[in-house]
Amino acid sequence: MNMNGKIKRLTALVLAFLCLAGTPMESWAATKPMNSISIRISSKLKAGNKLPQIDIGSGSAPEDGIIVTEKGSHFTVISATWVDSTAKETVAADEPRMSLILEPDDVSEYYFLANYKASSVKVSGGSFVSARREGDNLVVTVKVNPIRGQYDSPRDAYWNEKNLGEARWEKPENDSGYYEVQLLRGNKNVFKVDKTSSTSYNFYPYMTQTGNYSFKIRTIPGTDFQKSHAKQSEWLESGQLSITERYVSDGKGQQNSKSTAVKGTEDTVGWIKQGAEWLYRFPSGAYKTNGWERINDKWYYFDNTGLMLKGWQNIGGYQYYLHGNGEMALGWTRIDGKWYYFRPEKEGIYPEGSMFSSGWRVVAGYYYYFNQDGSIFTGWLRENDNWYYLNTLDNGLQGAMFTGWIRRDEKTYFADSNGEMVEGWYQIDGQWHYFYPGSGEMAYNTEIDGFYLDSDGVWKQ
């Protein structure tokens, strides 16, 4: 047996002994991260019902039920609970949120990352909201695909006895918050309100003739999202209101032939805290979703659920960083001990707040070199057979490329006007110096090929 064979056999014996002795083998195993997560949601939820218990398993969901299944081979879903209230009935176009706890099957082989982007979490039958690691487990919040269905008609439609001609109605449980209302005299249409978010409307200005008036109303999808996932309700008709000659209206206060009247919210507007998360509500009552919003001259980004995002975000192919308060980073920003630069204003095709990518960049007249992750490079950099020195000192110019004399670690170097470290003989300010090829260190108190260099590294002619 040759020497290589003996070594291989000895290694195998040592490994076998360690296994039999119960010696930990983690140092021998290659633990791998789970870079992507796949989850399947089978849902047959119906609008107007309460959220059921979430089953964990496989197959299709039963009627009005829901099942969550892991599609990966290295983890298991061990818990699934609703984030939204289970006491309220669901509404058409709702996207109920659930919290899932994923457990690695063998943490010595595969582990979860600390953070996951939406592109790394595939949710069939739903959409990704957020993920965070808790110990070895991963807590993932997802939304179920919108519940399709038909809105309910308002619960009651009646005339206000204290205000002549005012129509009123009650909101249904399965409600969009928007309604279409039509005024009738006998069987003839008199006036139509295409969309209103109120629960009353004054029709008296249109009661200009004697007769028996009624109104009919239905719940309608009022937003583009609602229109994509829900249907309008059936009509509900009120009782009759008789207008005699004495009470005929003079027509004052009429609006356009097709009117809309959208009431604003009575709830708090602006920044709204929901648990540990922040949302932003407009006077209409709608939340900012799916995009950037400039608030008090600062930029914030909100996901499709309305949650304000924080940390690293890849948006539209550009890398951004959002501080802990959600504010978009601009200019020099230190993150986890590293410096990054985010454009303080738009530059050509590059939007405001986008991070500098790798390579050489100029900031305030200084050259910097950025790593692949966008952080600045410091120290000696080798590029295109040339050496450059990027300031290592933690000061206002950390990472800036040096030119001229460089003194570090009791050694002296020189970089020309391009920042390239010089080698060999080089004349500076009329005096000759020698820099050792390869290292670039200046020679001093020594003789190079019969030419003596003094303590300042100068050849005295």
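This write-up is about the structure you can find in this document. These numbers were taken from a predicted model, which means no experiment stands behind them.

### Re the packing of aromatic side chains
To describe a pair of aromatic rings, one takes the distance between the centres and the angle between the planes. Summed over the entire model, instances satisfying the criterion amount to 41 aromatic pairs. Ring geometry for Trp360 against Tyr367: centres 6.4 Å apart, planes inclined by 75°, an arrangement best described as edge-to-face. Between Trp360 and Tyr369, the aromatic rings sit 5.2 Å apart at their centres with planes inclined by 75°, giving edge-to-face as the arrangement. For Trp360, a relative accessible area of 25% corresponds to the partly exposed category. Relative accessible area serves as the criterion here: at 18%, Tyr369 is assigned to the buried category. A cation over a ring is seen here: Lys195 above Tyr178, with NZ or CZ 5.2 Å from the ring centre. For Arg343, the ring lying beneath its charged end belongs to Tyr350, and the centroid distance is 4.1 Å.

### Some words on the pattern of salt bridges
A side chain with one charge can pair with a side chain of the opposite charge if their charged atoms come near. Applying the stated criterion across every chain yields a total of 14 salt bridges. A salt bridge links Arg294 to Asp297; the shortest N-O distance between them is 2.9 Å. Residue classification places Asp297 among the exposed positions, given a relative accessible area of 57%. With its nearest N and O atoms 3.5 Å apart, the salt bridge here joins Lys338 to Asp373. Of this pair, Lys338 sits in strand S29 (residues 338-342) while Asp373 sits in the loop between strand S31 (366-370) and strand S32 (379-383), and the two are 35 residues apart along the sequence. Each of Glu180, Lys192, Asp194 and Arg218 takes part in a single network of salt bridges with overlapping partners.

### Some details on the sheet that holds strand S13 (residues 166-170)
Spatially, the three strands line up as an open sheet ordered S12-S13-S16, and their pairing is antiparallel. Of all strands in the sheet, those bounded by a partner on one side alone are strand S12 (156-159) and strand S16 (200-202). Each adjacent strand pair in this sheet contributes to an overall mean axis angle of 15°, direction not counted. Of the strand pairs in this sheet, S12 and S13 are connected by four bridges, and their pairing is antiparallel. Its bridge partner lying in S13, Trp159 is registered against Ala167.

Cut-offs applied
Residues numbered from 1 in each chain as written. Predicted model: local features only at pLDDT ≥ 70, side-chain atom pairs only at ≥ 80, totals over all residues. Heavy atoms only, no water. Phe/Tyr/Trp six-rings, centres within 6.5 Å; stacked < 30°, edge-to-face > 60°. Buried < 20%, exposed > 50% of the residue type's maximum accessible area, 1.4 Å probe, protein only. Lys NZ or Arg CZ within 6 Å of the ring centre and 35° of its normal. Salt bridge = Lys/Arg side-chain N within 4 Å of Asp/Glu carboxyl O. Helix = DSSP H or I, 4+ residues; strand = E, 2+ residues; numbered from the N terminus. Pairing = 2+ DSSP bridges. Axes fitted to C-alpha atoms, helices over the stretch in contact; angles between N-to-C directions.

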